[in-house]
Amino acid sequence: MEFGEMLKQGLSETPGRGFTNRMKEQVLRDVANIRPRRVHRRSRPLTFLTGAAAVVMATAAGWGVYTRTHVQSPAAPITPVSHSMNPANSGPLAPVTEPLNGPAHVSSTAGLGDTLAVLQKAYGTATQVTPSTDNTASVEYAFPHGIAVWMSEGRVVEIHRAFQPSQSHYAHQDMDGMMPHDSTIQGTPMNAGTTQVFTYQSPSLASFMPKSWFGGANPGEYRVEYIYPSDGSAYVKVTLGNISGFPLTFAPGQRPEQTTIAYESEGMYESEPAKLWQSSQGYSMYVLSSSTASAEEPGSDTVFLNANHDFSMRIQALPSNADATKAVNQAKQQLSTIGQPVIGNPSKDFPMNDWFANALFEGSATHGKSHVITWVMHVDGRLFQFTITSPTEAESVSQFYTMISTIQAAH
Amino acid sequence: MCKLNREEDLLSDLMNQYGQSVWSFIYSITKDATITDDLSQEVFIQAYRHLHDFRGDASYKTWLFSIAKNKCRDHFRSAFVRRVTFSGNVPEDHGDSVEEQVMRTMQQNAVWDSLLQLKPAYREVVFLHVREEMTFGEVGKVMGIPETTARAKYHRAVRQLREILGKEMETNGIWGNA
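**A few points about the overall build of chain B**
Helix and strand counts for chain B come out as 7 helices and 0 strands. Helices and strands in chain B line up, N terminus first, as α-α-α-α-α-α-α. Across the 178 residues of chain B, 54% fall into the buried class.

Here is the structure:
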C-alpha cells in the first residue's frame, strides 16, 4: 500500500467514540436557549486601518500602542451602531444570568464593576497574576479567552481583552455585552492610527463606585479603547474615568529606548523586553532581548537569535530611488540560486495582517538544512528587503516578523 | 423533538457532516478525549452563535476548523483547569465484531499513535491535508500561517511520520507487505 493511502486510511478512523449523537443532542439542547446573533456591522473605518500597523507594547507605564500611519491618513470619526449597550450582544461567550453582588442593572455579563465571583462564574477560574504587570496596588487576574482584569476593593476597575484575528470583528459586540447596560456614549468617538476610543457614562457605575476612581472625569465615565495591531487581532482596554493619556502614540524619534513587546509564537503569547536600535541605514527597530542586531556591511544589517545563530535576518533598506520591480526580480533571482523558489501570496497568506499583506513579494527556498524566506515591502514609503534564514525544522520565525513590524524609517 | 428552525437545521447538518472530523481534529491537538468532547461541542455552539457572521468567503468546513483551532488555542492558553461540562458521555457500541474492532484499533493506533508523536503544528497540517483533503491554502487559513509555511510543515511532518511508522511497521507488521 502506498504511504499516502496508508496515512489516509489510518487517519480516516476516528480515534475513540468521536462526536456522538448524544453530544449532538446536547448541543441542540444548549443552543435552544440561544438566538444566533444578527450582526449589524459597525461602520469600522477599515480604510485607516489599511496600511497601518501597531505593535501592542507593555511600556513601563502600562500598556501602550505604537501606531503607524505611513500610508493613509485617519478616516472620519467613527459612527457607532447604537448609543446604548445592548445586552443581547453578548458576543461569543455565554451571558451570565447569575444575580450580581451589586445593583442588578450594572451588568448581567460580568462587566466593569462586578465582582471576581461573577467573573469566574462567567469565564472560568481566574489566575491571580503576581506581581501585577502594571505594578499598581490593584490585583490582576487572568481569565481564559484572553481576558485580564484589575480589581480594587473587590471591584473590577480595568479590563483588557485580546481577540484572535479570526474573532477580532466580534470585539465591539463582545465588549458591548460586557459593559453596564445603562451606558450611553459620550461625545464623538476618537480614532488615531489603529486605535478607536469610545467614552461611555453609566449612572449605575456612578452610584456604585467612589468618585475618586474616575480621576478627573465625571463619575460613572469609562473609556473603551479598541486597538487593532497589524496581525489582524484586536486588543480592548476598558478603564474607569480619564486615567492614562490618549492618544498613546509616539512620533518618530520619540520612541522609548526600552520597552516590552508581546508577540505570538506557535500559538502562544510571548512577552519580551526589547531595545530600540538605530540603524545607519536610516531606520529604527526594536530588537528583542533574545536577539542581536548589527551592521553587516554598508546597506545591510543583520539580526540573529542569540541562542541559535542559524536563525538570522538580513535587512536591506534600499536606496530611495530603488525600483520596486527590479528589487522583486532580484529577490526572486537570489532565491533561485538557493533552491526552487516557492512564491507566496502576501495578501492571501496574511489576509488580516496589513503590514505583510501589502508586501510586494514573499518567497522562500530551501537548501540543505536551511530555509530562506524573502520579503520585499515598503515601510514608511521606503523599500526594504528582508531575508530570513532558519533551519528547515524551525517551527517559527515570528520573532523576526515581530521586529520587522516595529521598524520606523526615515524617508 | 420540537420542530427545528432553520438555524438549528443547519447546525444539525453541520454536526452530521463535520462532527467526526472536528472531533478528531481537536483530539489530534489535545490528545484527551474528555477535553475533546467539551471543545467540539463548544465549536458547534459557537458556530451557531455566529451563523449570521458567516460570510461564505470560506467553506463551512474551513470555518468550523478555524473555530476548532481557536478553541484549542484558548484551551491551552488558559491557566485554569477546565470543568467537565458534559457528564453524559458513555462509549457507544460500534456494532463491529470484536475481531474487527481490534483490527481497526490496531490500524488506527499505528497511524494515530504516530501522528500523536509529532509536534502539534505537524499533527494539524497532516490531519487537515491528508484526512480532510484541504489544500495548503485552506490549511494555512485554518492554522493562521502562510500557504508556503503550511506546505513546508507538511513535508517535514510526513518525513517524520515515515520514520515513526517505519519503526511501527517493523515492530508490529500491521501493514502486512505494504
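**Brief notes about the packing of helix 1 (residues 3–12) of chain A against helix 5 (residues 120–131) of chain B**
The interhelical angle for the contact between helix 1 of chain A and helix 5 of chain B, taken along N-to-C directions, is 100°, at an axis separation of 9 Å. Our classification of the angle between helix 1 of chain A and helix 5 of chain B gives roughly perpendicular. Contacts between helix 1 of chain A and helix 5 of chain B involve Leu7, Lys8, Leu11 and Ser12 of chain A on the former and, on the latter, Val126, Phe127, Val130 and Arg131 of chain B. Here the residues of the contact of helix 1 of chain A with helix 5 of chain B sort into 5 nonpolar, 1 polar and 2 charged.

**Observations regarding the confidence of the model for chain A**
Residue and element names in this part refer to chain A. In this model, chain A carries an average pLDDT of 69, and 63% of its residues clear a pLDDT of 70 or more. Taken element by element, chain A is modelled with least confidence in helix 3 (residues 46–49), mean pLDDT 24, and with most confidence in helix 7 (residues 324–338), mean pLDDT 93. When the criterion is pLDDT under 50, residues 131–137 qualifies, and its contacts beyond four places in sequence or with other chains add up to 7 contacts. Between residues 244–252, whose pLDDT stays under 50, and residues either more than four places distant or in other chains, the model counts 22 contacts.

**Description of the pattern of salt bridges**
Close approach of charged atoms allows side chains of opposite charge to pair. Residue and element names in this part refer to chain B. All told, the structure shown has 8 salt bridges over all chains when counted by the stated rule. One salt bridge in this structure joins Lys61 and Glu132, with 3.5 Å as the shortest N-O distance. Residue Lys61 is found in helix 3 (residues 60–77), and its partner Glu132 is found in the loop between helix 5 and helix 6 (136–143); the two are separated by 71 residues along the sequence. A salt bridge links Glu132 to Arg131; the shortest N-O distance between them is 3.2 Å. Taken as a pair, Glu132 and Arg131 share a single burial class, namely buried. Here the salt bridges do not stand alone but share partners, grouping Lys61, Arg131 and Glu132 into one network.

**Brief notes about the environment of Gly18 of chain A**
Topologically, Gly18 of chain A is positioned in the loop between helix 1 and helix 2 (21–31). Every residue in contact with Gly18 of chain A, bar those within four places of it in the chain, is listed here: Met23 of chain A together with Gln20, Trp23 and Asp37 of chain B.

**Regarding the packing of aromatic side chains**
Going through the model one piece at a time under the given rule, you end up with 16 aromatic pairs over all chains. When the centroid spacing of 5.1 Å and the interplanar angle of 45° are considered together, the rings of Phe19 of chain A and Phe44 of chain B count as tilted. Of this pair, Phe19 of chain A sits in the loop between helix 1 and helix 2 while Phe44 of chain B sits in helix 2 (residues 33–49), on two different chains. Taking relative accessible area as the criterion, Phe19 of chain A reaches 1% and is therefore assigned buried. By relative accessible area, which is 0% here, Phe44 of chain B ends up buried.

**Quick notes on the pairing of strand 16 (residues 308–317) of chain A**
All names here are of chain A. As paired elements, strand 15 (residues 300–305) and strand 16 share 5 bridges and run antiparallel to each other. Bridge pairing in strand 16 places Phe304 opposite Ser312. Linking two consecutive strands that pair antiparallel, namely strand 15 and strand 16, is a turn of 2 residues. Sheet topology places strand 16 next to strand 20 (residues 382–391); 6 bridges connect them, and they run antiparallel. When the bridges of strand 20 are listed, Ile315 appears paired with Phe386.

Parameters and conventions
Residues numbered from 1 in each chain as written. Chains lettered and ligands numbered in written order. Predicted model: local features only at pLDDT ≥ 70, side-chain atom pairs only at ≥ 80, totals over all residues. Heavy atoms only, no water. Helix = DSSP H or I, 4+ residues; strand = E, 2+ residues; numbered from the N terminus. Buried < 20%, exposed > 50% of the residue type's maximum accessible area, 1.4 Å probe, protein only. Axes fitted to C-alpha atoms, helices over the stretch in contact; angles between N-to-C directions. Parallel < 35°, antiparallel > 145°, perpendicular 65-115°, else oblique. Contact = heavy atoms within 4.5 Å. Nonpolar A, V, L, I, M, F, W, Y, C, P; charged D, E, K, R; others polar. pLDDT = per-residue confidence, 0-100. Salt bridge = Lys/Arg side-chain N within 4 Å of Asp/Glu carboxyl O. Phe/Tyr/Trp six-rings, centres within 6.5 Å; stacked < 30°, edge-to-face > 60°. Pairing = 2+ DSSP bridges.

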